[in-house]
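Architecture and fold: a report
This is what each chain is made of:
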Amino acid sequence: MWNSRSDAPRLPWPVAAGIGVAGVGSALAAGQLVAAFVGAGASPYVAVGNAFIDRTPAALKEFAVRNFGENDKTALLLGMGVVLFLVGVGAGLLSRRNAMPGTVLAVLLGVLGVAAVLGRNDLGQLSVLAPVISLVAGAMVFRLLHRLAMDWVIGRDHDATPYAESPAGGRRKFLIGSAGVVAGAGLAGIVGQVLIDTNNVDASRAAVGPLVATKSAIVPPGADFASSGTPAYITDEGAFYRVDTALTIPQVATQNWSLRIHGMVDREKTYSYADIRNRKLVEQIVTLCCVSNPVGGPYISNAKFIGVYLRDLLNEVGVHPDADQLLSTSTDGYTAGTPVSALMDDRGAMLAIGMNGQPLPVEHGFPARMVVPGLYGYVSATKWVVDMELTKFSAKQGYWVPRGYSQLAPVKTESRIDKPAAFQRVAAGNVVVAGIAWAQTKGIQRVEVRVDGGPWQDAQLSTEVTKNSWRMWRAFVDLKPGNHTVECRATDDTGYVQTQDTADTVPDGATGWPSIAFTAA
Ligand SMILES: Nc1nc2c(c(=O)[nH]1)N[C@H]1C(S)=C(S)[C@@H](COP(=O)(O)O)O[C@H]1N2
Ligand SMILES: [Mo]
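To start, this report covers the structure provided alongside it.

Here is what the cut-offs are and how they apply
- Residues numbered from 1 in each chain as written.
- Chains lettered and ligands numbered in written order.
- Predicted model: local features only at pLDDT ≥ 70, side-chain atom pairs only at ≥ 80, totals over all residues.
- Heavy atoms only, no water.
- Core = buried A, V, L, I, M, F, W, Y, C linked by side-chain atoms within 4.5 Å.
- Buried < 20%, exposed > 50% of the residue type's maximum accessible area, 1.4 Å probe, protein only.
- Contact = heavy atoms within 4.5 Å.
- Axes fitted to C-alpha atoms, helices over the stretch in contact; angles between N-to-C directions.
- Helix = DSSP H or I, 4+ residues; strand = E, 2+ residues; numbered from the N terminus.
- Parallel < 35°, antiparallel > 145°, perpendicular 65-115°, else oblique.
- Nonpolar A, V, L, I, M, F, W, Y, C, P; charged D, E, K, R; others polar.
- Pairing = 2+ DSSP bridges.
- Phe/Tyr/Trp six-rings, centres within 6.5 Å; stacked < 30°, edge-to-face > 60°.
- Lys NZ or Arg CZ within 6 Å of the ring centre and 35° of its normal.
- Expected span 1.5 Å × (residues − 1).
- Patch = residues over 30% accessible without salt bridge, like charges linked within 9 Å, V, L, I, M, F, W, Y side chains within 5 Å.
- Areas by Shrake-Rupley, 256 points an atom, 1.4 Å probe, with all protein chains shown as cover.
- Salt bridge = Lys/Arg side-chain N within 4 Å of Asp/Glu carboxyl O.

**Considerations on the nonpolar core**
Counting 80 residues, the largest nonpolar core has Ile261, Phe305, Leu313, Leu351, Tyr378, Met388 and Leu390 as the members making the most contacts within it. Beyond its immediate sequence surroundings of up to four residues, Leu313 is in contact with Leu259, Ile261, Tyr271, Ile276, Arg279, Val308 and Leu351. By size, the runner-up hydrophobic cluster in this structure holds 21 residues, among which are Val426, Ala459, Leu479 and Ala490.

**Digging into the packing of helix α5 (residues 72–94) against helix α6 (residues 100–118)**
At a minimum axis distance of 7 Å, the contact between α5 and α6 shows a crossing angle of 150 degrees. Taken together, the axis directions place α5 and α6 in an arrangement best described as roughly antiparallel. Counted together, Leu84, Val87, Ala91 and Leu94 of α5 and Pro101, Gly102, Leu105 and Leu109 of α6 form the full contact between these two elements. The residue makeup of the contact of α5 with α6, split by class, is 7 nonpolar, 1 polar and no charged.

**Side note on the pairing of strand β13 (residues 429–438)**
Counting buried positions along β13 yields 7 of 10 residues, so the element is predominantly enclosed. Alignment of strand β11 (residues 414–419) against β13, held across 5 bridges, turns out to be antiparallel. Following the sheet pairing, Arg416 is matched in β13 by Ile436. When β13 meets strand β17 (residues 471–479), the two strands line up antiparallel, connected through 9 bridges. Of the residues in β17, the one forming a bridge with Ala437 is Arg471.

**Topic: the sheet that holds β13**
Spatially, β11-β13-β17-β16 is the arrangement adopted by the 4 strands of the open sheet, whose pairing is antiparallel. Edge positions in the sheet fall to β11 and β16 (460–461), since each of these pairs with one other strand and no more. Across 2 bridges, the pairing between β16 and β17 is antiparallel. Bridging across to β17, Gln460 finds its partner in Arg474.

**Quick word on the packing of aromatic side chains**
What the rule picks out here adds up to 10 aromatic pairs. Arranged with centres 5.7 Å apart and planes meeting at 15 degrees, the rings of Phe240 and Tyr241 form a pair that is stacked. Judged by relative accessible area, Phe240 falls into the buried class, the value being 4%. A relative accessible area of 9% means that Tyr241 is categorised as buried. Aromatic pair Trp456 and Trp513: ring centres 5.1 Å apart, planes at 80 degrees, arrangement edge-to-face. Taken as a pair, Trp456 in the loop between β14 (444–451) and β15 (457–458) and Trp513 in the loop between β18 (482–492) and β19 (515–520) lie far apart in primary sequence, 57 residues in all. Relative accessible area serves as the criterion here: at 16%, Trp513 is assigned to the buried category. One Lys or Arg, Arg403, reaches over the ring of Tyr399 and ends 3.7 Å from the middle of that ring. Positioned above the aromatic ring of Phe225 is the side chain of Arg474, whose terminal nitrogen or guanidinium carbon lies 3.6 Å from the ring centre.

**Quick notes on α5**
Taking 1.5 Å as the rise per residue, α5 with 23 residues should run 33 Å; its terminal C-alpha atoms sit 32 Å apart, in good agreement. Along α5, the residues classified as buried are Asp72, Lys73, Leu76, Met80, Leu84, Gly88, Ala91 and Gly92.

**Side note on a nonpolar patch on the surface**
On the surface, a nonpolar cluster with roughly 520 Å² of combined accessible area is contributed by Leu126, Leu129, Val132, Ile133, Val136 and Met140. Topologically, Leu126 is positioned in the loop between α6 and α7 (129–157). Leu126 sits in the exposed class, given a relative accessible area of 58%.

Spelled out as structure tokens, the structure:
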């Protein structure tokens, strides 16, 4: 049977798929190279990832945080890589006869990148060059390789062709073209990434050097009950939990940083890094925790923060009496709304520039962040903070509020069992149960444990250092061999006992008694 379509030249499918992948890869590499010059966030890959994060409903976000932990960003980037690879393969396979379908797909992908970059408010005007050049590079490479491959196929299958002098010549041209594209894209991608990496702020951070406060925080003996299986009282920088929406960590050198405080104030002011660094620095121990921390979860850490009191800065600008919210914005556009009352009272809300004696780690907000004891991080702990607007809760909402979280989010009185670990086997007899309890600004008065639903027993508490940090606790229970469950509950200094009622992390923090099942043998 005669069929005109089967007679038309067709690329072998692996060649077609390879051309599609080469087109997508070249687009990414070109985008990365241009982004090195116009801003790392302009990379279409990163911008699309960021756009995805900002549009992910809170439920999906919780899923990512629970299942990938702090590797959620890596998981997202890898997932995008797989999707892009498949799109490349698909574009190639759709274009076995004609380059048009693949070209259209390449352009659509490019338009997505352009839209993602235009949708960000933290990028400069030139940033759109990265996705535009990426789009053009992707489409051009795809069409070029497609034509070379067609010439080769036509030359092979239909001796007489206007393009290829000989079948072997067509194949050679295609192979040389492909090798050139792969080498060029690889080089562009690597050079782009190297340039982006050297634009980082490690040097700026090193230049700040260790930070010493005029009034430093002392950890008395007896404050730290750390033992194997429990955290240290002060969390090291490497162990400090990290939660943020940043796909690539913002790189802000001290000389490029400033903090503008404006809005409902008498005289707006802009502070440079030196303005802050040269003030009297205070050091305070504060436990930070995340609203997304499930009962028993890891998103809580304790550090010595160094900086200045936010109240002092706010008094300098003169906050209007009817301003009830401070909306802080980070350099990557993230926002948080904090009650002005929590910044003006005696809890010690800070603009922090240091952590544990060093400048803030870059992923924890270098050069400066907010630290407000007693409030969950999403309404108070803005990292890479560059702008503070005094406003009203009725006028503006921070990042997480339209995504289902409460506008006000004081930390709930909670505790955690660190030892034994879930399903651990311990020796029967005298068993140590240990953990942490926190009620920042209020203070922890008591922690109780009970085994297998039996009577509550008081745990020993570590020395209280400040009401703004966790207290460590331990208890000894006598256990016969078998399976056991231990629970705990904390009481804060107001007399409130941690509730048994379970609540989800959305909208304002999880509750319930932590419970660990283990075996004594
Ligand atoms: N710029 C910026 N700051 C941010 C966030 C963010 O996504 N972007 N997340 C907040 C949340 S939800 C928490 S719990 C704390 C976590 O601070 P850490 O990563 O230093 O532990 O940072 C807060 N500050
Ligand atoms: Mo958080």
